[in-house]
Amino acid sequence: MFFRDNDKHKMPHMHAFYGEYEAVFTLGGEIIAGDFPRKQAALVKAWALIHEEDLNADWTLALNGEETFRIDPLR
């Protein structure tokens, strides 16, 4: 999460990287900027939907200057 670029995207979001690809996703897993391969975007979306509550909690913590917690990857 890059919460300090909130002025640019105007909503809670996360950045994902895959090889030379980078995309910005909503916390619900929708692409709002960038480009990402379809299969990997589907994995990001699945992960985001599974962890949507955790992502929202981390976003709030980050905006309040508090330490965020680690969210497990897909297995």
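What counts, and where the lines are drawn
- Residues numbered from 1 in each chain as written.
- Predicted model: local features only at pLDDT ≥ 70, side-chain atom pairs only at ≥ 80, totals over all residues.
- Heavy atoms only, no water.
- Patch = residues over 30% accessible without salt bridge, like charges linked within 9 Å, V, L, I, M, F, W, Y side chains within 5 Å.
- Areas by Shrake-Rupley, 256 points an atom, 1.4 Å probe, with all protein chains shown as cover.
- Salt bridge = Lys/Arg side-chain N within 4 Å of Asp/Glu carboxyl O.
- Helix = DSSP H or I, 4+ residues; strand = E, 2+ residues; numbered from the N terminus.
- Buried < 20%, exposed > 50% of the residue type's maximum accessible area, 1.4 Å probe, protein only.
- Core = buried A, V, L, I, M, F, W, Y, C linked by side-chain atoms within 4.5 Å.
- Contact = heavy atoms within 4.5 Å.

Draft legend 1. Highlighting a nonpolar patch on the surface. Residues Leu 43, Ile 50 and Leu 74 make up a contiguous nonpolar surface patch of about 280 Å² in total accessible area. Residue position: Ile 50 is located in helix 2 (residues 38-50). Judged by its relative accessible area of 56%, Ile 50 is exposed.

Draft legend 2. Local environment of the nonpolar core. Formed by 13 residues in total, the largest nonpolar core has its most connected members in Met 14, Phe 25, Phe 36, Val 44, Trp 47 and Leu 55. Mapped by element, the contributors of at least two residues to this core are strand 1 (13-18), strand 2 (21-26), helix 2 and helix 3 (52-63). Here this core takes four residues from helix 2, the largest share from any one element. With residues near it in sequence (within four places) discarded, Phe 25 still touches His 13, Met 14, Ala 16, Glu 30, Ile 31, Ile 32, Phe 36, Ala 41 and Val 44.

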